[in-house]
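Okay, here's what each chain looks like letter by letter:
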Amino acid sequence: MNAIPSVKLIDGKATAARVLAEVREQVSSLRDNGLQPGLAVVLVGMDAASQVYVRNKVLRAEEVGIRSLEHRLPPDTTQAQLLTLIERLNRDPGVNGILVQLPLPAHIDEHCVLQAIDPLKDVDGFHSQNVGGLAQGRDVLTPCTPSGCMRLLRDACGELRGKHAVVVGRSNIVGKPMAALLLQADCTVTVLHSRSRDLQALCRQADIVVAAVGKPRLIDAAWLKPGAVVIDVGINRIEEHGRSRLVGDVDFAAALPLVSAITPVPGGVGPMTIAYLMKNTLLALDLQQQAAHQERTPCPSPC
């Protein structure tokens, strides 16, 4: 079997390790000045996948020197109890980032909970103030997965200005913020979704394809322009040849001979999400310090 040329593989593990090293250095500098960032992670219920995600987030925080505070709540926690905890974390000056692990139990209103988090502590970037700020191009907390994808793209492509990017999927967590970030980078952006017509023809025009639709191997060689750069956000578990395995939204084997660079699944986008959660915690601390400074600084007249 021939080895895959390393230039074609966008190594998310290696890039995430570099991001975490950057965070570790920044945290060390902050601690030298008497500051230690704090990240609160809230998990409601016993969802197995969520427990794994939370454990990994806490481990990465500890590795880079961010103080982690776990709040594991039983499945029968009421919405009022959860909101009370969030309000306490909002007021705690030692907590710079708050993450409520999704999905929540069915009896809890997810939107209501996410809106209760202080936008300056919303390290997932899901609060409407941060969503709106992203659309306006302001410096706000941005969802971790799209932010990580942008780092991979900049490392793989260099200058993004003027490139045609196609985002397949329009979720609030990945597709929409991904499109907004690509627009900020001066790309021409097309968003494809389940109601789009001529999906393959539109996708074949793209210099950059970001697949985030949750359908295993949906995108094959017929969707791709030769030389395209592909970021595969999909993580789908399938049964194949009697074994369970993870595959992306892109048919990796079919796409590989055609593209100039592609993320594997696993080992591509996944590690970047947690790495950018750590970066967001530092950004949250910085934004909170800026807000505190503005509160202390008298507004010149007229204000």
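Because the structure is predicted, anything quoted here is derived from the model rather than measured.

## A closer look at helix α5 (residues 128-135)
Link 1 in the chain: All buried positions along α5 are accounted for by Asn 130, Gly 133 and Leu 134. The buried residues of α5 occupy one face: seen down the axis, they fall within an arc of 100°.
Link 2 in the chain: Close packing links the buried residues of α5 with α7 (175-184).
Link 3 in the chain: Remark: Gly 137 follows α5 within two positions and exhibits a positive phi of approximately 80°.

## Some points on the side chain of Asn 236
Link 1 in the chain: Mapped onto the elements, Asn 236 comes out in strand β8 (residues 236-240).
Link 2 in the chain: By relative accessible area, which is 9% here, Asn 236 ends up buried.
Link 3 in the chain: Among the polar contacts made by the side chain of Asn 236, one reaches the main-chain carbonyl oxygen of Gly 248 at a distance of 3.3 Å.
Link 4 in the chain: Each residue touching Asn 236, except ones within four places of it in the same chain, is listed here: Gly 214, Lys 215, Pro 216, Arg 245, Leu 246, Val 247, Gly 248 and Asp 249.

## A look at the sheet that holds strand β1 (residues 38-44)
Strand pairing in a sheet relies on backbone hydrogen bonds. The paired strands run either parallel or antiparallel.
Link 1 in the chain: As summarised here, the arrangement of the three strands in space is β2-β1-β3, forming an open sheet in which the pairing is parallel. The sheet terminates laterally at β2 (67-73) and β3 (97-100), the two strands that pair on one side only. This sheet shows a mean twist of 15° between the axes of neighbouring strands, independent of strand direction.
Link 2 in the chain: With seven bridges joining them, β1 and β2 adopt parallel strand pairing. Within β2, the residue paired with Val 42 across the bridge is His 71.

## With respect to the nonpolar core
Link 1 in the chain: The biggest cluster of nonpolar side chains holds 51 residues, and the ones touching the most others in it are Leu 153, Ile 231 and Met 278.
Link 2 in the chain: The greatest single-element share of this core, amounting to nine residues, is contributed by helix α10 (residues 270-296).
Link 3 in the chain: Excluding anything up to four places from it in sequence, Ile 231 contacts Ile 10, Cys 149, Leu 152, Leu 153, Val 209, Val 210, Ala 211, Thr 263 and Val 269.
Link 4 in the chain: With 19 residues, the next largest nonpolar core counts Ala 40, Leu 69, Leu 82 and Ile 117 among its residues.

## Concerning the UniProt feature "domain: Tetrahydrofolate dehydrogenase/cyclohydrolase catalytic" (unreviewed entry) in the protein chain
Link 1 in the chain: Here, the residues flagged by UniProt with the feature "domain: Tetrahydrofolate dehydrogenase/cyclohydrolase catalytic" (unreviewed entry) are residues 10-124.
Link 2 in the chain: Structurally, residues 10-124 is divided into 50% helix and 16% strand, and its ends, taken at the C-alpha atoms, are 24 Å apart.

## Notes on the state of the cysteines
Link 1 in the chain: In the structure shown here, the tally under the stated rule is zero disulfides.
Link 2 in the chain: Sulfur of Cys 149: no disulfide; nearest cysteine sulfur belongs to Cys 144 and is 11 Å away.
Link 3 in the chain: Cysteine Cys 157 remains unbridged, with the sulfur of Cys 187 as its closest cysteine sulfur at 8.3 Å.
Link 4 in the chain: The partly exposed category is assigned to Cys 157, whose relative accessible area is 21%.

## Re the pattern of salt bridges
Link 1 in the chain: Tallied over the full model, the rule gives eleven salt bridges.
Link 2 in the chain: Here Arg 151 ties to Glu 22 by a salt bridge, and the two come within 2.9 Å at their closest N and O atoms. Of this pair, Arg 151 sits in helix α6 (residues 144-157) while Glu 22 sits in helix α1 (residues 12-32), and the two are 129 residues apart along the sequence.
Link 3 in the chain: The exposure class of Glu 22 is partly exposed, given its relative accessible area of 31%.
Link 4 in the chain: When the shortest N-O distance is used, the salt bridge between Arg 60 and Glu 63 registers 2.8 Å. A residue pair is termed a helical-turn pair when its members lie 3 or 4 positions apart in one helix, as Arg 60 and Glu 63 do in helix α2 (residues 48-64) at three residues.
Link 5 in the chain: Judged by its relative accessible area of 23%, Arg 60 is partly exposed.
Link 6 in the chain: Glu 63 sits in the partly exposed class, given a relative accessible area of 42%.
Link 7 in the chain: Taken together, the salt bridges that share partners define one network made up of Arg 18, Glu 22, Arg 151, Asp 155 and Lys 279.

## Quick notes on unusual backbone geometry
Link 1 in the chain: For the bond running from Leu 102 to Pro 103, omega is 0°, close enough to zero to count as cis.
Link 2 in the chain: Following the sequence through the fold, Pro 103 ends up in the loop between β3 and α4 (110-116).
Link 3 in the chain: A cis amide bond links Val 265 with the next residue in sequence, Pro 266, at an omega value of 0°.
Link 4 in the chain: The residue Pro 266 is located in the loop between β10 (261-262) and α10 in this model.
Link 5 in the chain: Non-glycine residue Asp 186 carries a positive phi angle of around 70°.
Link 6 in the chain: Here Asp 186 lies in the loop between α7 and β5 (188-192).
Link 7 in the chain: A relative accessible area of 42% places Asp 186 in the partly exposed class.
Link 8 in the chain: A positive phi is found at Arg 217, a non-glycine position, where the angle reads about 55°.
Link 9 in the chain: Judged by its relative accessible area of 29%, Arg 217 is partly exposed.

Conventions we followed
- Residues numbered from 1 in each chain as written.
- Predicted model: local features only at pLDDT ≥ 70, side-chain atom pairs only at ≥ 80, totals over all residues.
- Heavy atoms only, no water.
- Buried < 20%, exposed > 50% of the residue type's maximum accessible area, 1.4 Å probe, protein only.
- Helix = DSSP H or I, 4+ residues; strand = E, 2+ residues; numbered from the N terminus.
- Arc of directions from axis to C-beta.
- Contact = heavy atoms within 4.5 Å.
- Polar contact = N/O pair within 3.5 Å; in protein donor to acceptor, adjacent residues only side chain to side chain.
- Pairing = 2+ DSSP bridges.
- Axes fitted to C-alpha atoms, helices over the stretch in contact; angles between N-to-C directions.
- Core = buried A, V, L, I, M, F, W, Y, C linked by side-chain atoms within 4.5 Å.
- UniProt positions renumbered as here; feature names shortened; annotations may be inferred.
- Disulfide = S-S within 2.5 Å.
- Salt bridge = Lys/Arg side-chain N within 4 Å of Asp/Glu carboxyl O.

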